[in-house]
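# Tertiary structure, described
Each chain is listed here by its residues.
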Amino acid sequence: MPSNRLARGDGMDGNEKAVTDSASDHGSGQASRQRYSNRRSIDAESQRARLLAYLIERGSVSTLEARGRALRIMSPAARVLELREDGHPIVTTWDQRQGCARYRLAGGGGHGSDE
């Protein structure tokens, strides 16, 4: 189990904590309901929480998708790096169709397919 900034809960409000707690269930309906709560928050911790929840639920995300309405993360590569430093096994591939990076949780995480 990765020890990370998200699990510690330092500086997070209730919405982000709920995302983190429910994201670890992988199958919880609570993860679906709260996965992208607090979308407007721009601090790095909130962005990491949103990105991790999205990866767990959807399996992958491209740079363009992360920057879009669903996550609103302008520098997804930086958030991915921080999540990796926290022990999350995230793999980067090139998305030919979108012409940008695509990030996936190693080991499959996610219930849906983006492709």
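Residues numbered from 1 in each chain as written. Predicted model: local features only at pLDDT ≥ 70, side-chain atom pairs only at ≥ 80, totals over all residues. Heavy atoms only, no water.

### Section: the overall build of the protein
- Along the backbone of the protein there are six helices and three strands.
- The order of helices and strands in the protein, counted from the N terminus, is α-α-α-α-β-α-α-β-β.
- When the 115 residues of the protein are sorted by exposure, 43% land in the buried category.
- With the model as given, the accessible surface of the protein reaches about 6,100 Å², and the carbon-plus-sulfur share is 49%. (Helix = DSSP H or I, 4+ residues; strand = E, 2+ residues; numbered from the N terminus. Buried < 20%, exposed > 50% of the residue type's maximum accessible area, 1.4 Å probe, protein only. Areas by Shrake-Rupley, 256 points an atom, 1.4 Å probe, with all protein chains shown as cover.)

### Focus: the confidence of the model for the protein
- With 58% of its residues at a pLDDT of at least 70, the protein reaches an overall mean of 74.
- Mean pLDDT values for the elements of the protein range from 39 in helix α2 (residues 14–23) up to 97 in helix α6 (residues 76–85). (pLDDT = per-residue confidence, 0-100.)

### A short note on the side chain of arginine 102
- Looking at where arginine 102 falls in the secondary structure, it is placed in strand β3 (residues 100–105).
- Reaching out from arginine 102, the side chain makes a polar contact with the side chain of glutamate 65 at a distance of 3.1 Å. (Polar contact = N/O pair within 3.5 Å; in protein donor to acceptor, adjacent residues only side chain to side chain.)

### Here's the deal with the pairing of β3
- Counting buried residues along β3, five of its six residues qualify, which places the element largely inside the surrounding structure.
- When strand β1 (residues 60–62) meets β3, the two strands line up antiparallel, connected through three bridges. The partner of serine 60 across the bridge, within β3, is arginine 104.
- As paired strands, strand β2 (residues 90–95) and β3 are joined by six bridges and run antiparallel to one another. Within β3, the position partnered with threonine 92 by the bridge is tyrosine 103.
- Where β2 folds back onto β3 in an antiparallel hairpin, the turn is made up of four residues, including glycine 99, whose phi is positive at roughly 70 degrees. (Pairing = 2+ DSSP bridges.)

### Digging into the pattern of salt bridges
- Under the defined criterion, the tally for this structure stands at four salt bridges.
- Between glutamate 82 and arginine 79 there is a salt bridge whose closest N-O contact spans 2.9 Å. Here glutamate 82 pairs with arginine 79, and both are found in helix α6, just three residues apart, close to one helical turn.
- By sharing partners, the salt bridges in this structure join Arg48, Arg79 and Glu82 into a single network. (Salt bridge = Lys/Arg side-chain N within 4 Å of Asp/Glu carboxyl O.)

### Some thoughts on the packing of helix α4 (residues 44–58) against α6
- The N-to-C vectors of α4 and α6 enclose an angle of 80 degrees; their axes lie 10 Å apart at closest approach. Looking at the two axes, α4 sits roughly perpendicular to α6. On α6, the residues touching Ala44, Gln47, Arg48, Leu51 and Leu52 of α4 are Pro76, Arg79, Val80, Glu82 and Leu83.
- A breakdown of the residues in the contact of α4 with α6 according to their chemical character gives six nonpolar, one polar and three charged. (Axes fitted to C-alpha atoms, helices over the stretch in contact; angles between N-to-C directions. Parallel < 35°, antiparallel > 145°, perpendicular 65-115°, else oblique. Contact = heavy atoms within 4.5 Å. Nonpolar A, V, L, I, M, F, W, Y, C, P; charged D, E, K, R; others polar.)

### A look at α4
- Taking 1.5 Å per residue as the helical rise, α4 with its 15 residues ought to reach 21 Å, and the 21 Å between its terminal C-alpha atoms agrees with that figure.
- Within α4, 13 of the 15 residues are buried, leaving the element largely enclosed by the surrounding structure.
- Just downstream of α4, glycine 59 is the residue with a positive phi angle, here 95 degrees. (Expected span 1.5 Å × (residues − 1).)

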